[in-house]
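Overview (structure and organization)
Okay, here's what each chain looks like letter by letter:
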Amino acid sequence: MAASVHSDGTKNMLQFMKLIGQLKRVPRTGWVYRKVKQPESVSDHMYRMSIMALTITDHTVNKERCMKLALVHDMAECIVGDIAPSDNVSKEEKHRREEAPMQYLTGLLQGGLRKEIYDLWEEYENQTSAEAKLVKELDLLEMILQAHEYEELEGTPGRLQEFFDSTQGRFHHPELVQFVTSLNEQRASHVAVGEDGSSDQGTNN
């Protein structure tokens with residue numbers, strides 16, 4: 001009997017890992033809508049968010065928890081796909097669509113782990129901790145950093161301005177505010193060069 005339980009647990013973990021693996025193949029919808037070539041995957045996005053959490057120097061937050069939140073926050077998208085703001089789906093509806101997939105995914109795991117991952121997802125969704133709030137800002141920061149990189153790769157400075165506009169007034173953590181300021185300064189210099197050097201490199205939104 002014990003061997004059978006162990007076997008079922010291993011099969012379930014294999015199924016969980018295969019589902020999580022789908023995140024490598026789910027493109028970030030916002031970039032698809034803006035016709036970015038070879039858009040990043042949800043997995044790509046969460047990986048750099050996790051690195052951002054790892055490198056945060058704020059000792060008032062639990063860095064390990066931030067990393068876990070970053071790894072879990074978009075997990076349901078391996079089943080439902082990436083729902084972008086431009087899809088005009090309310091926050092409540094997005095939560096509803098992702099809740100059942102999260103219950104299914106975590107249901108494949110053993111008790112303690114099942115509860116930990118589901119609770120982390122709920123914590124992020126409901127923004128109930130300092131760590132969840134910080135990771136939400138990391139989510140936005142990673143997005144605009146990626147937007148800047150796409151503009152650089154395409155040679156189209158300013159094309160993805162709407163992504164920057166959507167984050168206005170949403171950064172509060174001092175460390176991230178400083179990072180965003182530096183990013184905006186670097187981007188502004190590139191946009192200025194683009195405006196001086198080319199007449200066909202405007203926004204395409």
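Residues numbered from 1 in each chain as written. Predicted model: local features only at pLDDT ≥ 70, side-chain atom pairs only at ≥ 80, totals over all residues. Heavy atoms only, no water.

When helices and strands are counted, the protein chain shows 10 helices and 0 strands. Going from the N terminus to the C terminus, the protein chain shows its helices and strands as α-α-α-α-α-α-α-α-α-α. If you line up the protein chain on its principal axes, its C-alpha atoms span 75 × 35 × 30 Å. Across the protein chain, every contact between residues at least 6 apart in sequence was considered, and the portion connecting residues at least 24 apart equals 69%. One finds the centroid of the 23 positive side-chain charges in the protein chain at a distance of 6 Å from the centroid of its 33 negative side-chain charges. (Helix = DSSP H or I, 4+ residues; strand = E, 2+ residues; numbered from the N terminus. Contact = heavy atoms within 4.5 Å. Lys, Arg positive; Asp, Glu negative; His and termini not counted. Charge placed at Lys NZ, Arg CZ, Asp CG, Glu CD.)

Below, the discussion takes up the nonpolar core. Formed by 47 residues in total, the largest nonpolar core has its most connected members in W31, M102, V135, L138, L141 and I144. Of all elements in the fold, only α1 (2-21), α3 (42-55), α4 (63-72), α6 (91-107), α7 (111-126), α8 (130-154), α9 (161-165) and α10 (174-197) reach the threshold of two or more residues within this core. Examining the composition of this core, we find that 11 residues originate from one element, α8, more than from any other. (Core = buried A, V, L, I, M, F, W, Y, C linked by side-chain atoms within 4.5 Å. Buried < 20%, exposed > 50% of the residue type's maximum accessible area, 1.4 Å probe, protein only.)

Let us now look at the confidence of the model for the protein chain. The predicted model of the protein chain has a mean per-residue pLDDT of 91, with 91% of residues at 70 or higher. In the model, residues 198-205 has pLDDT below 50 throughout and makes 15 contacts with residues more than four positions away in sequence or in other chains. (pLDDT = per-residue confidence, 0-100.)

With the rule as written, the count across this model stands at 3 aromatic pairs. Judged by centre distance (5.1 Å) and plane angle (75°), the rings of W31 and Y150 are edge-to-face. Here W31, found in helix α2 (residues 29-33), pairs with Y150, found in helix α8; they are 119 residues apart in sequence, far enough to count as distant. Seen in terms of ring centroids, Y118 and W121 are 5.6 Å apart; in terms of plane orientation they differ by 50°. Their pairing is tilted. Separated by 3 residues within a single helix, Y118 and W121 lie in helix α7, roughly one turn from each other. Just as Y118 is buried, W121 falls in that class too. Ring pairing ties together the aromatic residues W31, Y150 and F163, which thus form one cluster. (Phe/Tyr/Trp six-rings, centres within 6.5 Å; stacked < 30°, edge-to-face > 60°.)

Next up on the list: the environment of A84. You can see A84 is positioned in the loop between α5 (77-80) and α6. As a C-alpha pair, A84 and T29 span 55 residues in sequence and 5.9 Å in three-dimensional space. Excluding anything up to four places from it in sequence, A84 contacts T29, G30 and Y33.

As a further point, take a nonpolar patch on the surface. On the surface, M13, M17 and L113 cluster together into a nonpolar patch covering about 250 Å² of accessible area. As for its placement among the helices and strands, L113 is situated in helix α7. (Patch = residues over 30% accessible without salt bridge, like charges linked within 9 Å, V, L, I, M, F, W, Y side chains within 5 Å. Areas by Shrake-Rupley, 256 points an atom, 1.4 Å probe, with all protein chains shown as cover. Salt bridge = Lys/Arg side-chain N within 4 Å of Asp/Glu carboxyl O.)

Mapped onto the elements of the fold, Q161 is located in helix α9. At 2.8 Å, the side chain of Q161 forms a polar contact with the side chain of R187. (Polar contact = N/O pair within 3.5 Å; in protein donor to acceptor, adjacent residues only side chain to side chain.)

With the rule as written, the count across this model stands at 14 salt bridges. Two residues, D139 and K136, come together in a salt bridge whose shortest N-O distance is 3.5 Å. Here K136 and D139 lie together in helix α8, a separation of 3 residues that amounts to about one turn. Under the relative-accessibility criterion, D139 is labelled buried at 11%. Because the salt bridges share partners, they merge into one network encompassing R48, E142 and E149.

With that settled, consider α8. An ideal rise of 1.5 Å per residue puts 36 Å on 25 residues; α8 measures up with 36 Å between its terminal C-alpha atoms. For α8, a buried count of 18 out of 25 residues is recorded, marking the element as mostly surrounded by other parts of the structure. Positive phi shows up at G155, right after α8, with a value of about 70°. (Expected span 1.5 Å × (residues − 1).)

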